[in-house]
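# Structural overview
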Amino acid sequence: MAPIYDCSVDSELLTGMRLARGAIGRGELVVIPTDTVYGVAADAFSPAAVQRLLDAKGRGRQSPPPVLVPGIPTLAALAEHVPAEVDALVQEFWPGGLTIVLPAAPSLVWDLGETKGTVALRMPQDRIALEILSETGPLAVSSANLTGRPAARTAAEAEAMLGESVSVYLDGGEAGTAYERVEGKDSSSTIVDATALAAGAGKLRILRHGVITAEQLRAVVGDALADDDGEQAAADDAEAVADTAADT
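Now for a look at the structure at hand.

Reading the values: the criteria
Residues numbered from 1 in each chain as written. Predicted model: local features only at pLDDT ≥ 70, side-chain atom pairs only at ≥ 80, totals over all residues. Heavy atoms only, no water. Helix = DSSP H or I, 4+ residues; strand = E, 2+ residues; numbered from the N terminus. Rg over C-alpha atoms; globule rule 2.2 N^0.38 Å. Buried < 20%, exposed > 50% of the residue type's maximum accessible area, 1.4 Å probe, protein only. Contact = heavy atoms within 4.5 Å. Areas by Shrake-Rupley, 256 points an atom, 1.4 Å probe, with all protein chains shown as cover. Pairing = 2+ DSSP bridges. Axes fitted to C-alpha atoms, helices over the stretch in contact; angles between N-to-C directions. Parallel < 35°, antiparallel > 145°, perpendicular 65-115°, else oblique. Left-handed = near helix turned anticlockwise from the far one by under 90°. Arc of directions from axis to C-beta. Core = buried A, V, L, I, M, F, W, Y, C linked by side-chain atoms within 4.5 Å. Lys, Arg positive; Asp, Glu negative; His and termini not counted. Salt bridge = Lys/Arg side-chain N within 4 Å of Asp/Glu carboxyl O. Polar contact = N/O pair within 3.5 Å; in protein donor to acceptor, adjacent residues only side chain to side chain.

## A short note on the overall build of the protein
When its secondary structure is counted, the protein shows nine helices and ten strands. Here the C-alpha radius of gyration of the protein, 17 Å, is about what a compact globule of 248 residues would show, namely 18 Å. By its C-alpha atoms, the protein is 50 × 40 × 30 Å across when sized along the principal axes. Counting the 248 residues in the protein, one finds 55% classified as buried. Sequence separation of at least 24 residues holds for 68% of the intrachain contacts in the protein that already meet a minimum separation of 6. Per element, the accessible surface of the protein, about 10,400 Å² overall, is 49% carbon and sulfur.

## Focus: the pairing of strand S5 (residues 98–103)
For S5, the buried fraction is high: six of the six residues fall into the buried class. In terms of strand pairing, S5 meets strand S9 (residues 190–193) through four bridges, oriented parallel. Bridged to Leu98 within S9 is Thr190. Direction of pairing for S5 relative to strand S6 (residues 118–122): antiparallel, over a ladder of four bridges. Within S6, the position partnered with Leu102 by the bridge is Val119.

## Some remarks on the packing of helix H4 (residues 84–93) against helix H8 (residues 214–221)
One can describe the packing of H4 onto H8 by two numbers: an axis separation of 9 Å at closest approach and a directional angle of 125°. It follows from the interaxial angle that H4 and H8 lie oblique. When the axes of H4 and H8 are compared, the crossing they make is right-handed. Contacts between H4 and H8 involve Glu85, Ala88, Leu89, Glu92 and Phe93 on the former and, on the latter, Gln216, Leu217, Val220 and Val221.

## Thoughts on H8
Within H8, burial applies to Ala214, Leu217 and Val221. With its buried residues spanning 65° around the axis, H8 presents them on a single face. What points out from H8, more than 90 degrees from its buried face, is the exposed set Glu215 and Ala219. Looking at the buried positions of H8, the neighbouring elements they touch are H4, S5, S9 and strand S10 (205–208). Gly222 sits one or two residues past H8 and shows a positive phi near 60°.

## Re the nonpolar core
If you look at the biggest cluster of nonpolar residues, it comprises 57 residues, and the most contacted ones within it are Val31, Val67, Trp94, Leu98, Ile100, Leu204 and Leu217. Among the elements that make up this core, the one with the highest residue count is helix H2 (residues 47–57) (five residues). Ignoring sequence-local partners within four residues, the contact set of Trp94 consists of Val69, Ile72, Leu75, Leu89, Ile100, Leu121, Arg122 and Met123. Tyr5, Cys7, Ala23 and Leu68 belong to the second largest nonpolar core, which has 19 residues in total.

## Thoughts on the side chain of Asp126
Looking at the secondary structure, you find Asp126 in the loop between S6 and helix H5 (127–136). We note that Asp126 is buried and unpaired, the nearest opposite charge coming from Arg127 at a distance of 6.6 Å. Here the side chain of Asp126 touches Ile128 through a polar contact of 3.0 Å, landing on its backbone nitrogen. Discounting residues that sit within four places of it in the chain, Asp126 has contacts with Pro33, Thr34 and Asp35.

Right, dumping it as structure tokens:
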């Protein structure tokens, strides 16, 4: 049975963080808390590690994991172009529960799956996740659950689903407590597609409604956010991009 380290205990936190860093460096999987749900993390620049993540979840390459980053400056390094509206959103909601889908920088040497040239990026608001990210750099992170099962909100729930496929579990308490929990509402991050905006061909589109509401987004970017029922011409592209954004 893979160990679970209680990060509220200093000795276990230090041991768990050290072992988690080592596991990621070896291309293994680690479960970490985020501000929304628990995530299973892998080295984003190791194709073998990313494939191990997809296999652990029972997920195909058509559903690439998003990438968690340690800070806002990393956004410009991983995305080909960051529109002003996206910069305004991350200044307002990062760290936090907002995932942004953008065209990936063409210089990136990685294989996250069938991304269609995009990358889904988020900076989480969780001290444990951010400390890991500050030492490892960007990580491919998907929700710590089997595909088709509810996202884990505790390390124990994640371990019950992923078991020995994960080397280290970091227990940071219940995830998602910073956000209002509404019955029937997705407790994962809100996903916004900015690819059309970056290309100068459309507006921001919400691909998944999560912990950040459309009203909060519109308060920052105004009419740059498309109505949920508008701009049908871009729907097929948005649906394709949604495959790149998993579920943290």
